[in-house]
Structures are given as C-alpha cells and as structure tokens.
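Residue strings, one per chain:
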Amino acid sequence: MQEPTVYIVDDDADMRDSLGFLMTTVGLRVAIFASASEFLAAFAPKGPGCLVFDVRMPGMSGLDLYESLVARGEAMPVIFITAFADVPMAIRAMKSGAVEFVEKPFNRQDLLDRVLRAIQVDTQRRKLIADREAVRKRFQRLTKKERDVLELVLSGKPNKSISSSLEITPRAVEMRRANLMKKLEVTSLAELVRLKVGLDLAAEPPLNGRTMLS
Amino acid sequence: MIDPADLARDDSAGHFNRRFRTALVGVAVLVLLDEVVIEPPLLRLMTDAPVINVAGRQRMLSQRIAKAALALDAARSEEDRRRHSAELDEVLRTWTTAHEQLRRRDRPPSLPGANSATVDEAFDALEPSFTRIREAAARLIRDETLAAPDPAAIHDDQRTILALEGSYLVQMDRIVGLFEREARARVDWLVWTKRILTALVLVGLGGIGQFILRPATRLIERQLASLREARDVLEHRVRERTLALEAANRDLECEVRERTRADERQRTLVEQLSHVGRTTTIGEMASGLAHELNQPLGAIANYAEGCLVTLSAPEPNVDAAKAALEKILSTTLRAGQIVKRIRRFVTRHAPARERIEPNRLVSEVEEFFRDEARRRGIGLKVELASDLPWLWGDPIQIQQVLVNLVRNAFESLSHAQTPEPSVVIRTERAGADAVSFVVRDNGEGIPAERLPRVFDAYFSTRDEGMGMGLSISRTIVEGHHGQWVVESEPQVCTTFRFTLPSTGVEDAGAHGLHR
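Residues numbered from 1 in each chain as written. Chains lettered and ligands numbered in written order. Predicted model: local features only at pLDDT ≥ 70, side-chain atom pairs only at ≥ 80, totals over all residues. Heavy atoms only, no water.

A. Up close: the sheet that holds strand S7 (residues 493-501) of chain B. Residues and elements named next belong to chain B. Taken together, five strands build an open sheet; the order of strands is S2-S4-S5-S7-S6 and the sheet is mixed. The open sheet terminates on both sides in strands that have one partner only, identified here as strand S2 (379-383) and strand S6 (483-489). Pairwise comparison of adjacent strand axes, ignoring direction, gives a mean angle of 10 degrees for this sheet. In this structure, strand S4 (residues 422-429) lies alongside strand S5 (residues 434-441), joined through seven bridges in antiparallel fashion. Bridging across to S5, Val424 finds its partner in Arg440. This element, helix H8 (residues 395-415), spans S2, S4, S5, S6 and S7 of the sheet and lies at about 20 degrees to S5. Packed on one face of the sheet, helix H9 (residues 469-479) meets S6 and S7 and runs near 140 degrees to S6. (Pairing = 2+ DSSP bridges. Helix = DSSP H or I, 4+ residues; strand = E, 2+ residues; numbered from the N terminus. Axes fitted to C-alpha atoms, helices over the stretch in contact; angles between N-to-C directions. Contact = heavy atoms within 4.5 Å.)

B. View of unusual backbone geometry. Within the chain, Glu185 of chain A stands out as a residue other than glycine whose phi angle is a positive 55 degrees. Within the secondary structure, Glu185 of chain A sits in the loop between helix H8 (170-183) and helix H9 (189-201).

C. Just the sheet that holds strand S3 (residues 49-54) of chain A, in detail. All names here are of chain A. The sheet built from five strands is open, its strands ordered S2-S1-S3-S4-S5 with parallel pairing. Two strands in the sheet have a free side with no partner beyond their single neighbour: strand S2 (29-33) and strand S5 (100-103). For this sheet the average axis-to-axis angle between neighbouring strands, irrespective of direction, equals 20 degrees. Across four bridges, the pairing between strand S4 (residues 78-82) and S5 is parallel. Looking at the pairing, Ile79 lines up with Glu100 of S5. Contacting strand S1 (5-9), S3 and S4, helix H3 (residues 62-72) runs over the sheet at an angle of about 145 degrees to S3.

D. Seen up close, the packing of helix H5 (residues 286-312) of chain B against helix H7 (residues 358-376) of chain B. Residues and elements named next belong to chain B. Running from amino to carboxyl end, H5 crosses H7 at an angle of 90 degrees, the nearest separation of the two axes being 10 Å. Overall, the two elements H5 and H7 adopt an arrangement that is roughly perpendicular. When H5 is examined against H7, the residues Gly288, Leu289, His291, Glu292 and Gln295 are found in contact with a partner set consisting of Glu367, Phe368, Asp371, Arg374 and Arg375. Looking at the contact of H5 with H7, its residues break down into two nonpolar, three polar and five charged. (Parallel < 35°, antiparallel > 145°, perpendicular 65-115°, else oblique. Nonpolar A, V, L, I, M, F, W, Y, C, P; charged D, E, K, R; others polar.)

Next up, the structure:
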C-alpha cells in the first residue's frame, strides 16, 4: 500500500501553502490544489489519505466538492476548515458523513492530530475493505453445488437432512463440505459462520472514524 | 439729466440760426444794393467832369471864333488873313463837334451819359445863337477863299458873330452851371445814399449783435451753465454709484467669506457624517474583515508551527525553515496592508480636496471586497475606462460611496438565489469632463415603488445595518456636485450610477479666492 497523502484544497494561496508546509514537517505527503475543479481533475487516490477542504471557495464550495466525491464513491475522511461553522452547514456535512470541522483560527497541533487520526481511520478502512474483498473472493471460488451446501450448513441443518433436501448421498455432502471449508480457509463451523456474518453485515464500511473507533 | 428747458433752448438755437441767416441775407442785399444803386451814378459822376470841361471850353471857343473873326477883318497881309481863316476854320470845327457831342449825348462820337430836360431846354434856347454864329463863321471862311469877296457881307457876318457871342456866352454859362449843379446834386445823392446804406448796414450789424449774438451768447452761457450743472450732477452720481458699488463689493466679499465658511462647515459636517458612516460600515463588516485578517494570520501560524517542528527535528531542515520564515514575512506584510486599509477607511481626517484618479479608487475598493466576494461566492468584476479625467474631492469619501454600493449589492445577492451572482464596478467617461461610477448586480433588486426612497435615511431593506449608507452616499456625492441615477429590474439587474464633474469641487473650493 502507498504512503498516506493529505489533499489540501484552499483558494487562499498563503493558507494552502502554509498548511502544506506544516503537513510536510510531520512527514506527510501533501497534494495542494487551488480550487475544487483543479482537485477533481487530478484526484485518483492509490492509498490512504485525508482531505483538508476550505468550506468557502469561489466556484464549487468545500461541501459541494465532498458531496461530489461521495457520489463518485471516492470519499475519504475529510477535515473542513471554516470560519463559519454554522448549524445548517454542519447538518449538511454530517449527512454526507464528513469527519471533522476545524474552525479558524485553529490549533495547529489539533489539526495535525485530526489529520493523523483521519489517515489512520482511512488506513484501517482501506485494510478492512481489502480484507473483505479477499473473503468475498474466497466465496466466489465456491461452485454452485458447494454454495447450496454452504447455505444449508449455515442455516444449521445436519448432513442427513442436507442430503435428503439436495437429493444427494451423505457422502457427497461430506465431500462438498470439506471442499468449501478448505476453499474458505476455515477450520471450524463457528469460524465459517463468523466469516459469512461479517461479510453480510458490513456491505459497506462506515466512514465515520468515531463510530469505528468507539 | 437733460433739462426740458435746454431742449427748448436748443430749439431757440435753431431759431437764432434762422434769424442769423436772415440777417446775413439782409446784409448781402444791402451790399448788392450798394453795387446796383451806387455804381452807375458813380460811373456817371466820372463822366460829369469831361462834360463840364467840354461845356466850359465851348465858351472859350466861341470867344476865339469872335476873336478870329475880328482878326480876319483887321488883317493887313494876305498871309495873315489866310492864317486867321485857317484858325477860324479849325476852331469852328472843334466848336461844332463839341456842341454836337454835348447836344446829342446818345449819338457817337458823343460824351457818355444823357442830358436832363433842363439842359436840353437850355440847349434849345442856345440853338439859334449857335446856328447863326456857326453859319456866319462858315460864310466868313468860305468868303475868304473866294477871288472877290464881298466886304459888306464879311462885315455883316463879323457883326453878327460879335453881336451873338455875348448872349451865347450867357446861355452857355447857364448850361455849364446846370451841368455843375446836376453833378453836385448827384454827388450829394450818392453821399446820402451811401450814408443811408452804411447806416442800414450798421443797423443790420447792430441787429445781429442785439438780436442774435447777445441772445446766442446768453444761450451758450446758459447751456454752459447747464452743462456744468449736468457735469456736477454726473460727478455726484458717479461718486454715489462708486460708493454704492464699494459697499456692494464689501457685502459681496462678506457673502463670499460667509459662503466659504458655510462650505467649510458643510464639508466638515459631511466628513463627520461620512466618518460615522464609515465606522458603522467597518463595524458591520467586522466579522468579514476579521476573517480576511485571519487568513494571513492563520497562514503565519502554520508557517511558524512548521518551523518549530522542522527545527525540533534531530537534523533540522534549515533551508525549509528559512523559506517558511520568508513566507511569514511576506504574509505579515499582507496582513499589515489589510489593517492599513481598514484604518485609512475609518480614521477621522479633515475634509480633503485632492486629485482623485477614478480607476485607482475603484481598484482599491475591489481589493477591499475581494476576499468577501470570494467567501460569498460572488463574481466581483472591475471594468475601467481609459483616459478618464482626474477628479477633485475627498477620495476616502468617494471610496466610501463605492463601498456602500458594493455592500448593498452583496446583500442583495445574498437574499436572491441568483445562479451566478455577480457585481460589476465600472468607470465611464461622461461627456467632456465628468466620470460616472457604476455598481451593478444581478441580485433581488429594488421594486419600482421603492426606488424613490432608496436614499432616505433609515430606509433599509437589510436586516442588519441602520439604513444610513445610501443617505450618506447621497450627501457625499452631492457635496461633490455629483448626480445619481438608479435603475432596477428586480431579479435581473440593479444599477447605481453616480457622475462626478471633474471641476466641480475645485470650483467650489476656489470661488472665495477670486472676485
């Protein structure tokens, strides 16, 4: 996986430049953009990262930019920098699952902490997504017959009942069950159940770091 | 002033003129009369002397005839006789010619002039004596030439001559006397006529003196007197008028001073009012300005923090820290500029009258709002005309008007859901030496019925603010002799335009200096 990157979008040259400088001093990779359109044209994350957006910008605002990223399914943890943390804006931001608000003037250490935390969240999220993807791929390796057996196994049916429902021999059931356990890389029924439930529960990993961390 | 009596006298001058001409004609007539009446008698007088001489000589000639006749008779020798005869002949011829000359004055070769009746009568009386003497003498001369003259006849003729000579002389004396008397009478007539004419001329001259020159002199004196009077009156009036003008001038100066003072007071009031307006504006804009100031301050803090982190590292990146410190420096200056701008806008200053470059003013206002426009997502554009004249006035106040207008435009846009909110600040040339400032937005606009009231104090469409901005703006623009035009098509376009003359304020300031 790539190094984490901080994406800064601010129309104020001094502000984005100084933020970029601040981030690099703690060893973060930064990418700086003067406007939303400039950012959208270049944004293609290969690894974990964090977005730092100025809310008020000419053209597309920070919130609009984030919403468009969510719509594209490319959302990352975001920290909005604003001078006007008014209520309607916050509500709107929460709906889109934004991470943090930092009100100017802000504490620099606090911002850095938030950025690092957001990167951590994104890293975990990305790991989680990667893990889940691996599990999904294991399930996809199963044949149609093995999947039928798996379904009945997970519903708690014994082998005898499975053989009668599928109209196959108990021996065949045993063979298929052993195969699928091997393909899914589990050794016990309990492990198999947990794997399947975990996959079904989190169809989409949550973005809110706090929810994840708590 | 002209006295009507003078006008009458003017008329009398014409009257005198006429009288004078008449008198001149009279004198001329007298002179001509002199020519006509005196000259011919004078000429005749000149012929009187020869006539009297010739008449006188006739007497002497008649005696010589008598003497010659006697001598002829007494002559001893033939030679003597012939000599006497020749003498008689010559004298007789002269005598006869002269007689004819005297007798018939109208027939040449006669003496000029004419004989009076008395003279003619005397000549008529003389005629028989003359004729007989002449005939006797002629016979004597003829007889002498004869070979055998008749002594009795000669003797007879001699007696006749001697006998008639006496009466002839008497009559001729009378004729000469008549000639002399007539000549003397003519001389007397001439003398008297001349005297009368001279007297008439003198009377005429006296008349001219009495009836023309004297009244004319009096008239001239009167006119001179009235002229002097008129001159005195005029001088008096000029003095009075001069005094009145001086007084008026003093009043005018006073008024000018008063006006200048009033102008200064007015300017001071406008400045006080506009200062309150600016302070209010800055107060209302405080949060925005704080944000604008926070940008560079935040950036500075970022750089500083970054420097701290960098320099705290085991192997600090000095170059990076140095670059950051340079950034801190330039950003600090930027923040300072903002503070300076605010302070200049708010600081109380004496009403200024200086040259204003319209485009620079607009650029500064744009700077003022650049950040706010960015934050509000409003496109703020500036369109500057080239070749604008300079203006005279208070740049801060004009700037204040523009700030008010732009703020109003921003407010109007924040109320309207305009898809592409924009505000344009323009400068335009208006005629030869005036400049129009235009602020145009595409916000909610002003309904037609509210347009006339936009400049009223406390009339505000905004929730915040006192509604003083446009009222103060109007006062400022009017203080600069400017004019307003406001147009609005709600939701489409609203335009505030004020036009300032390039000379107006300068004139207003200078009118107290020249008079």
